[in-house]
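Notes for the structure review
This is what each chain is made of:
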Amino acid sequence: MNQATTLAGDAAGIGLTGTNRSSTIGADAAGIGLASMWVGFIAFAVAALLGFYQVIERIDLIPELKSPELYFGSVSTHGVLMAFVLTTFLVMGYGYYTATTSLKQELWNKPLAWFGFWLAVIGVLLAAVPLLTGNASVLYTFYPPLMAHPAFYIGATLLVVGSWVWCLEMVMMMTTWKKAHPGETVPLAMYGTTANAILWFITSLGVASEVLFQLIPWSLGIIDTVDVGLARTLFSWTLHAIVYFWLFPAYIALYTLLPKAAGGRLFSDQMGRVAFILLLVFSVPIGFHHLYMDPFQAAGWKFLHMMGTFMVAVPTLITGFTIIASLEIAGKLRGGKGLFGWIAALPWGNPMVLAALLALLMLTFGGFGGMINASYAMNTMVHNTQWVTGHFHLIFGGTTVIMYFAIAYTLWPKMTGRQLYSTGMAVKQLWLWFIGMLILTLPWHQLGLAGQPRRISSTPYDESFVQAWLPAESAMIVGGAILFISALMLVYNLFRTHGNAQAEASLEVEYAEPLHAIQRMPHLMNSFGFWVLLVIVYMVASYGYPIAQFFLMDTYGTVPWSI
Amino acid sequence: MFADPLKSICEDPLERGWIWISLILAFFMAGMLGFYAVSNNINPPSNVETIDSSRLHLTEEFAEDNLGVTTNADGSLTVTLVAARYGFYPPVIEVPVDTPVIFRMASADVLHGVHVPFTNMTTMVVPGYISEVRTSFPRSGEYSLLCNEYCGLGHDSMWSRLVVTEKSSAGETS
């Protein structure tokens, strides 16, 4: 039987069949939750296969495999599937389900939500055609003046517009809930989800402007040239905060699902809100750390963005404290003694707890590297080397995606009404992902320091380089293979859960309770109006002139180039 | 006694302490980078200067005959380079050790990047703009100049040579 076809059919049909639903209100979003997350995980499995092919191709081990056409087509598809499709669909599915279950309220507008979902699916299918036929090998960062087929840009736009529907739904759900519950505190899970919806809307305006005003008219021949400097500046607006859009679900799960799974309480509800607000305020106006090495922006602007880049580390440091403190509470409640005894007392066999622990470890490693990338001066040594690829695979592929797995393992039983097919397999899968990710990414850091550029399909360089790179390059094949096996285990486990005979006892999602009951939440930590205003002011200050300058000086556009 | 301004948002003294540590850490790191940026002039290449990439050959600076190494009045060197698929022109550059070098680069087609591994010579080369890097090379030897930004299917093979010669031979070339 062709499993891929079955899975695709499953994803398409799941929202419409709607069996196994309980009467709880949360089930209202189970259909769209499952459908969205399935689209995400199918994209993920395909991308993991491509990733495995890429590590083999890149080392020139099998000369027959060597093909830059195939490799760069594959890298572009891998990036789009992992960074745009997996993330956007997981965020939407998890968001819809979180909103209905945490607010105990129906979807604001169910037909509209499905409309957004299908719009995004059509966008992905439209973009897939040029991607898979090698007509959009411009990498997921677009890279004008390389020009892809217009269908690629239009498809990407539909995906983003579909996700804007989700943003609207989240904001409306929080607003209507607050109207119906005056004076009450918005549940932390929903507060974080809404913060992410607002963050994503503001963030995506950068790339949306680039695509709508520059790339689509240019690829259709309506305009002849694009200003690459302006295009890169607009993309940088999106490029940093998008990673927080991806990371948000991971943090929301750490704050609101992990403490109960570990058998404890959330150390502080309020600090979760502070972290979410700081992420919202500081993650968008700092995109120039992606342009440190570019001409066309003056050093002072880059320095301003660097200050914000360091500030955005603060919510992550706060999160680290709160989550570890929450785990310590759980470990001590479970009988753990002493300074470190509570770590051993944690339920390591629980997928959510295990994933969180591994995620925190990878976040620590990745965070060190991130500080170097963020440093205006030190970044010079690693810019565009394989170090960077190692860094974001640790933070995104590691920390973020492993939490996506944990979210799936926790919510699949609630959404399908069936127990998880195999918890043992889930635990093994998470360990394999962690080990594979370390074997893949630690050597990549070393390769970067040894001068290897990222985004190459082979190594036709000076022999001294190639010899020095060989051991680390060999290791990455092992890492890629382990990750691919782990990806298949995830998809298999989730797929089999649908047919599990054992029903899940309770379909209620258990959200964390804070250590100290909330007395009265300050208005600023229960709303977003002021913070959105602050982001707008900060954005005008940090992006206003850098964008305006392209209209104030004489610039020269660039004609399209094929790959 | 000085009142902790964080007290209004955070009740736990341990957590307040941690937030202070986080804030101090962030400001300290950014402050150090700011200090070196100002005192030692360590900044990333940030030249805001436009050029028509489709007419490089018609400009004086990037015309084919004018590419390569020239010596300035103050003893520093200017290296004028064109990045075009799939090479850097001229393909071999020779500069003396411990001498200030100003690289001026322009792209004739798409986005490129340049990195000389084990040195801090790196910049993006963006069509429509001139990139400028000011550096010097403290160790002599043969270096590779690698394109480090995806520029098309032949990107991997886009690299050339940079030779850093001993000071003695520098006298002969200049």
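Calculation criteria
Residues numbered from 1 in each chain as written. Chains lettered and ligands numbered in written order. Predicted model: local features only at pLDDT ≥ 70, side-chain atom pairs only at ≥ 80, totals over all residues. Heavy atoms only, no water. Helix = DSSP H or I, 4+ residues; strand = E, 2+ residues; numbered from the N terminus. Rg over C-alpha atoms; globule rule 2.2 N^0.38 Å. Buried < 20%, exposed > 50% of the residue type's maximum accessible area, 1.4 Å probe, protein only. Contact = heavy atoms within 4.5 Å. Areas by Shrake-Rupley, 256 points an atom, 1.4 Å probe, with all protein chains shown as cover. Salt bridge = Lys/Arg side-chain N within 4 Å of Asp/Glu carboxyl O. Core = buried A, V, L, I, M, F, W, Y, C linked by side-chain atoms within 4.5 Å. Nonpolar A, V, L, I, M, F, W, Y, C, P; charged D, E, K, R; others polar. Expected span 1.5 Å × (residues − 1). Polar contact = N/O pair within 3.5 Å; in protein donor to acceptor, adjacent residues only side chain to side chain. Pairing = 2+ DSSP bridges. Phe/Tyr/Trp six-rings, centres within 6.5 Å; stacked < 30°, edge-to-face > 60°.

Attention now moves to the overall build of chain B. Along its length, chain B carries two helices and 10 strands. Each helix and strand of chain B, placed in order from N terminus to C terminus, yields the pattern α-β-β-β-β-β-β-β-β-β-β-α. The C-alpha atoms of chain B give a radius of gyration of 22 Å, which is well past the 16 Å a tight globule of 174 residues would have. Per-residue burial for chain B yields a buried fraction of 53% across its 174 residues. The contacts in chain B between residues at least 6 apart in sequence include a share of 59% that link residues at least 24 apart. With an accessible surface of roughly 8100 Å², chain B has 58% of that area assigned to carbon and sulfur atoms.

Okay, the pattern of salt bridges next. Applying the stated criterion across every chain yields a total of 17 salt bridges over all chains. For R161(B), the salt bridge identified is with D462(A), shortest N-O distance 2.4 Å. Of the two residues, R161(B) sits in strand β10 (residues 159-165) while D462(A) sits in the loop between α17 (423-449) and α18 (463-498), which places them in two different chains. Classification of R161(B) by relative accessible area gives partly exposed; the value is 22%. Of the charged contacts in the structure, one is a salt bridge between E49(B) and R104(B), with a shortest N-O distance of 2.8 Å. Placement of E49(B) in the loop between α1 (13-39) and β1 (68-71) and of R104(B) in strand β5 (residues 101-107) is noted, with a sequence separation of 55 residues between them. For E49(B), a relative accessible area of 27% puts it in the partly exposed group. Judged by its relative accessible area of 11%, R104(B) is buried. Salt bridges sharing common partners tie together E49(B), E61(B), R104(B), E132(B) and R134(B).

Right, let's get into the nonpolar core. Residue and element names in this part refer to chain A. Ranked by internal contacts, the top residues of the largest apolar core, which has 240 residues, are F41 and M403. With 19 residues, helix α3 (residues 68-103) is the single largest residue contributor to this core. For M403, the contacting residues outside a window of four places in its chain are A250, A253, L254, M352, A355, A356 and A359.

Right, let's get into the interface of chain B and chain A. Between chain B and chain A, the contact holds 63 residues from the first and 70 residues from the second. Where chain B packs against chain A, one counts two salt bridges. If you tally residues by element for the side of chain B that touches chain A, the top one is α1(B), at 14 residues. When its residues are assigned to classes, the side of chain B that touches chain A shows 35 nonpolar, 19 polar and nine charged.

Let us look at the environment of L50(A). You can see L50(A) is positioned in helix α2 (residues 30-58). Non-local contacts of L50(A), meaning those with residues more than four positions away in its chain, are made with S74(A), T77(A), H78(A) and L81(A).

So, on to helix α7 (residues 228-239) of chain A. Spanning 12 residues, α7(A) covers 16 Å between terminal C-alpha atoms, matching the ideal 16 Å at 1.5 Å per step. Burial analysis of α7(A) places 12 of its 12 residues in the buried class, which makes it a mostly covered element. Along α7(A), the positions that sit buried rather than exposed are V228(A), G229(A), L230(A), A231(A), R232(A), T233(A), L234(A), F235(A), S236(A), W237(A), T238(A) and L239(A). Contact partners of the buried residues in α7(A): α6 (188-219), α8 (241-256) and α19 (529-552) of chain A together with β7 (122-125) of chain B. The backbone nitrogen of G229(A) lies 2.9 Å from a side-chain oxygen of the residue at the head of α7(A), namely D227(A).

Turning next to the side chain of T316(A). Note on placement: T316(A) falls in helix α12 (residues 313-333). Taking the relative accessible area as the measure of exposure, T316(A) reaches 19% and is therefore buried.

Let us now look at the pairing of β5(B). Residue and element names in this part refer to chain B. Across the seven residues of β5, seven count as buried, placing the element largely inside the fold. Burial along β5 is two-sided: the residues V101, F103, M105 and S107 and I102, R104 and A106 are all buried. For strand β2 (residues 77-84) and β5, the ladder comprises seven bridges, and the chain directions are parallel. Residue pairing in the sheet places L81 in a bridge with M105 of β5.

All names here are of chain A. Considering all chains together, one arrives at 45 aromatic pairs over all chains under this definition. On the numbers, 5.0 Å between centres and 75° between planes, the contact of F530 with W531 is edge-to-face. With relative accessibility at 42%, the residue F530 sits in the partly exposed group. The buried category is assigned to W531, whose relative accessible area is 16%.

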